[in-house]
Amino acid sequence: MEFQVLAADDWELLRDVRLQALKDSPSAYMSSYETEASWTEASWRRSFANALWVVPRSGRRIVGLARSLRVDGRPPDERHLEAVWVEPRHRRTGVMRAILRYLTELEPDVHDWLLWVLDHNAEALEAYERLGFEPTGERQQLTDSSGRSEIRFRRSALSIP
């Protein structure tokens, strides 16, 4: 598996993969295909601020996506994973573990990886627990009218196999 770190000039590639993820797994994200399909080039370029986007490839085919985000006001040795997606045919094949390992190599000063998972997304909850993420006990209600909430998970970079 090869990885590509996307730059702001790769915004069209990011847009295409992200929209594919939103179409494939609409209930896994807070955003929607319709919302992000209407974004302008400037909006996509803004998504690179304080963030690192990576895509894994199997041959020439992109098989996943992840965003490592530095959150203002949080410790500098911590990153949030966002917009994580693995193409359905490549799930349960080690793509997520490879993404996490790659990000850890890219950002060696990061000690903790955090992420929010929608509480009804059983597949993602199971996948992250298999990868060694543990619930922090934090939960937050979404601000939309869906009644959904998110659970925060944490994993130490030191224990990534």
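Predicted model, so just to flag it, every value in this text is computed and none were measured. (Residues numbered from 1 in each chain as written. Predicted model: local features only at pLDDT ≥ 70, side-chain atom pairs only at ≥ 80, totals over all residues. Heavy atoms only, no water.)

Thoughts on the overall build of the chain
Looking only at helices and strands, the chain features five helices and eight strands. When its helices and strands are written in sequence order, the chain yields β-α-α-α-β-β-β-β-α-β-α-β-β. Each principal axis of the C-alpha atoms in the chain carries an extent, and together these give about 40 × 35 × 35 Å. Sequence-distant contacts, at least 24 apart, represent 58% of the contacts inside the chain between residues at least 6 apart. Total accessible area on the chain is roughly 8,600 Å²; 48% of this is exposed by carbon and sulfur atoms. Of note, the chain has its 23 positive side-chain charges centred 3 Å away from the centre of its 26 negative side-chain charges. (Helix = DSSP H or I, 4+ residues; strand = E, 2+ residues; numbered from the N terminus. Contact = heavy atoms within 4.5 Å. Areas by Shrake-Rupley, 256 points an atom, 1.4 Å probe, with all protein chains shown as cover. Lys, Arg positive; Asp, Glu negative; His and termini not counted. Charge placed at Lys NZ, Arg CZ, Asp CG, Glu CD.)

Notes on helix 5 (residues 122–130)
Taken residue by residue, helix 5 has Ala124, Leu125 and Tyr128 as its buried positions. The buried residues of helix 5 occupy an angular sector of 100° when the element is viewed end-on, so they sit on one face. Against the buried residues of helix 5 lie strand 5 (78–86), helix 4 (95–106), strand 6 (112–118) and strand 8 (149–156). Following helix 5 by one or two positions, Gly132 adopts a phi angle in the positive range, close to 95°. (Buried < 20%, exposed > 50% of the residue type's maximum accessible area, 1.4 Å probe, protein only. Arc of directions from axis to C-beta.)

A short note on the pattern of salt bridges
Evaluation of the coordinates by the stated rule reveals 17 salt bridges. With a closest N to O distance of 2.5 Å, Glu78 and Arg74 form a salt bridge. Taking the relative accessible area as the measure of exposure, Glu78 reaches 4% and is therefore buried. When the shortest N-O distance is used, the salt bridge between Arg89 and Glu87 registers 3.3 Å. Of the residues examined, Glu87 reaches a relative accessible area of 5% and is grouped as buried. What you see here is one network of salt bridges that share partners, running through Arg74, Glu78, Asp112 and Arg154. (Salt bridge = Lys/Arg side-chain N within 4 Å of Asp/Glu carboxyl O.)

Overview of the side chain of Glu78
Along the chain, the position of Glu78 falls in strand 5. Sequence-distant contacts of Glu78, defined by excluding residues within four places in its chain, comprise Arg70, Val110, Asp112, Leu114 and Arg154.

Considering the packing of aromatic side chains
Evaluation of the coordinates by the stated rule reveals three aromatic pairs. Ring plane angle 55° and centroid distance 4.6 Å describe the contact between Trp39 and Trp44, whose orientation is recorded as tilted. When its relative accessible area of 32% is taken as the criterion, Trp39 is described as partly exposed. Overall, Trp44 belongs to the buried group, its relative accessible area being 1%. Ring plane angle 75° and centroid distance 5.5 Å describe the contact between Tyr128 and Phe133, whose orientation is recorded as edge-to-face. Neither Tyr128 nor Phe133 differs from the other in exposure class; each is buried. Between the NZ or CZ atom of Arg18 and the centre of the ring of Tyr29, over which it lies, the distance is 4.7 Å. (Phe/Tyr/Trp six-rings, centres within 6.5 Å; stacked < 30°, edge-to-face > 60°. Lys NZ or Arg CZ within 6 Å of the ring centre and 35° of its normal.)

Concerning helix 1 (residues 11–24)
The first and last C-alpha atoms of helix 1 sit 20 Å apart over 14 residues, in line with the 20 Å expected at 1.5 Å per residue. Three or more residues of helix 1 are buried, namely Trp11, Leu14, Val17, Arg18, Leu19, Ala21 and Leu22. (Expected span 1.5 Å × (residues − 1).)

Read these as geometric descriptors, not functional statements.
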